[in-house]
Amino acid sequence: MKSELELRGVQQRFHARGVADGYVTAVDDVSFSLLASPPQIVSLVGQSGSGKSTIARNVLGLQKPTAGSVLYGGKDIFKLSRAEYDAYRRDVQPVFQDPYAIFNPFYRVDRALWKAVKKFKLADTRAAGLELIEESLQAVRLEPENVLGRYPHQLSGGQRQRIMLARVHMLRPSFIIADEPVSMLDAQVRKHFLDILLDFQREHGMTTLFITHDLSTVYYLGGEVMVITKGQIVERGSVATVMHEPSHPYTKLLLDSIPQPDPDQRWTSRIQVDELDHLDDNTPADTTQPEAPII
Ligand SMILES: Nc1ncnc2c1ncn2[C@@H]1O[C@H](COP(=O)(O)OP(=O)(O)O)[C@@H](O)[C@H]1O
Ligand SMILES: [Mg+2]
């Protein structure tokens, strides 16, 4: 089946105090579609509070939009049958900003991978399961002997993040929804992570919606980009075109905030590592990132 994820006129309002009408419109009539084939990387870039995480929550089925719909294979994800929903949950995988928050600190990290093997019945025997786990760790450039048997706090942030990618590698979803996945990582580790997403696209045909406030990562990934401000997508197109010929003033503003943007000169080391998304400081904790089960 040729799968497709589509947002059609999605609007998300939240009640809020102290604003004119008693609500904020976090997502305002957003439409776009992601194709599984050919695999693509689509970045959604905008500053903190522009509605990115809310869109991720809508796409992941964690938040039902106030209006409009999210369609998977042409069907509204909030109206799927149990079997269709299970298929969707496997085929559309999230990657989160801080994997430490979703690892259970009392269990070895292996457990997160074994749970995926069991839940999705990926292997019949323990030996086959282990082989799959080791293969997936290698696919994300981790040495199995360096990470298996360890507890989350014994690994670096980059290693934890790559274990989440190993889990994705095992599941081979059509779509990855990555909400600020590299915001907590330093420059070199960040590049590693982006390279793995590019591998996933080229070698395993996965399509990624890459959500970020950081244009330099968008340059690095290439592909398509959508620029969002105040809940509206104001510009979209190939990264090269949008960066060379931005048509919306907001895109120009974003570009101006980066030193010497040049899409032909793909960035390798000049990354702003201190530019974290500070939204967490002023919004309820559960609204900034899609919630993940503890694994
Ligand atoms: N559950 C919620 N209740 C009230 N307001 C929310 C909620 N979730 C998000 N918002 C508001 O919606 C807007 C967009 O938030 P968000 O999608 O987290 O933006 P981003 O991820 O781009 O930083 C912000 O103004 C935020 O305060
Ligand atoms: Mg966010």
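Bear in mind that the values here come from a model prediction, so they are computed numbers and not experimental data.

The rules behind each value
- Residues numbered from 1 in each chain as written.
- Chains lettered and ligands numbered in written order.
- Predicted model: local features only at pLDDT ≥ 70, side-chain atom pairs only at ≥ 80, totals over all residues.
- Heavy atoms only, no water.
- Pairing = 2+ DSSP bridges.
- Helix = DSSP H or I, 4+ residues; strand = E, 2+ residues; numbered from the N terminus.
- Contact = heavy atoms within 4.5 Å.
- Axes fitted to C-alpha atoms, helices over the stretch in contact; angles between N-to-C directions.
- Buried < 20%, exposed > 50% of the residue type's maximum accessible area, 1.4 Å probe, protein only.
- Patch = residues over 30% accessible without salt bridge, like charges linked within 9 Å, V, L, I, M, F, W, Y side chains within 5 Å.
- Areas by Shrake-Rupley, 256 points an atom, 1.4 Å probe, with all protein chains shown as cover.
- Salt bridge = Lys/Arg side-chain N within 4 Å of Asp/Glu carboxyl O.
- Lys, Arg positive; Asp, Glu negative; His and termini not counted.
- Charge placed at Lys NZ, Arg CZ, Asp CG, Glu CD.
- Phe/Tyr/Trp six-rings, centres within 6.5 Å; stacked < 30°, edge-to-face > 60°.
- Right-handed = clockwise from strand over helix to strand, strands pointing away.
- Polar contact = N/O pair within 3.5 Å; in protein donor to acceptor, adjacent residues only side chain to side chain.

Read across the sheet, 4 strands follow the order β2-β1-β4-β5 without closing on themselves; strand pairing throughout is antiparallel. Every other strand in the sheet has two partners, leaving β2 (23–35) and β5 (75–76) as the edge strands with one partner each. Here strand β1 (residues 4–15) pairs with β2 via 9 bridges, running antiparallel. By the bridge assignment, F14 is partnered in β2 with V24. Packing against the sheet, helix α1 (residues 52–59) makes contact with β1, β2 and β4 (67–72), and its axis sits at approximately 120° to β1.

You can see F175 is positioned in strand β7 (residues 175–179). Residue classification places F175 among the buried residues on the basis of a relative accessible area of 0%. Distance from F175 to E4, taken between C-alpha atoms, is 9.0 Å for residues 171 residues apart in sequence. If sequence neighbours within four positions are ignored, F175 has contacts with S3, E4, L5, L34, L35, A36, Y72, D91, V92, Q93 and T207.

On to a negative patch on the surface, then. Side chains of E131, E134, E143 and E145 sit close together on the surface and give a patch of like negative charge. Within the secondary structure, E131 sits in helix α4 (residues 126–139). Judged by its relative accessible area of 55%, E131 is exposed.

This part is about the packing of aromatic side chains. The final tally for this structure, using the stated rule, is 2 aromatic pairs. Their ring planes at 40° and their centres at 5.9 Å tell us that Y85 and Y88 sit as a pair that is tilted. Taken together, the positions of Y85 and Y88, both in helix α2 (residues 82–91) and 3 residues apart, correspond to about one turn of that helix. By relative accessible area, Y88 is classed as buried at 1%. Through pairs of rings, three or more aromatic residues link up here, namely Y72, Y85 and Y88.

The element β7 is largely enclosed, with a buried count of 5 among its 5 residues. Of the two faces of β7, the one carrying F175, I177 and D179 and the one carrying I176 and A178 are both buried. Sheet analysis places β7 next to strand β8 (residues 207–212), joined by 5 bridges and oriented parallel. Counterpart to A178 in the pairing with β8 is F210. Once the chain exits β7 it traverses helix α7 (residues 187–204) before rejoining the sheet at β8, and the crossover so formed is right-handed.

What helix α3 (residues 110–119) keeps buried is the set D110, A112, L113, W114, A116 and V117. Tucked inside the fold, the buried residues of α3 contact α4, α5 (144–147) and α6 (157–171). K121 sits one or two residues past α3 and shows a positive phi near 50°.

The next thing to look at is the sheet that holds strand β9 (residues 224–229). Adjacent strands of a sheet form backbone hydrogen bonds with each other and so pair up, either parallel or antiparallel. In spatial order, the strands read β6-β7-β8-β3-β9-β10; together these 6 strands make up an open sheet with mixed pairing. Whereas interior strands pair on both sides, the edge strands pair on one side only; in this sheet they are β6 (92–95) and β10 (232–238). In this sheet, adjacent strand axes meet at a mean angle of 15° when their direction is disregarded. In the sheet, strand β3 (residues 41–45) pairs with β8 via 5 bridges, with the strands oriented parallel.

What follows concerns the side chain of Q93. One can find Q93 in strand β6. Separated by 2.9 Å, the side chain of Q93 and the backbone oxygen of R89 make a polar contact. From its side chain, Q93 meets the backbone oxygen of R90 in a polar contact 3.2 Å long. What Q93 contacts, discounting residues up to four positions off in sequence, is R167, V168, L171, P173, F175, I176 and I177.

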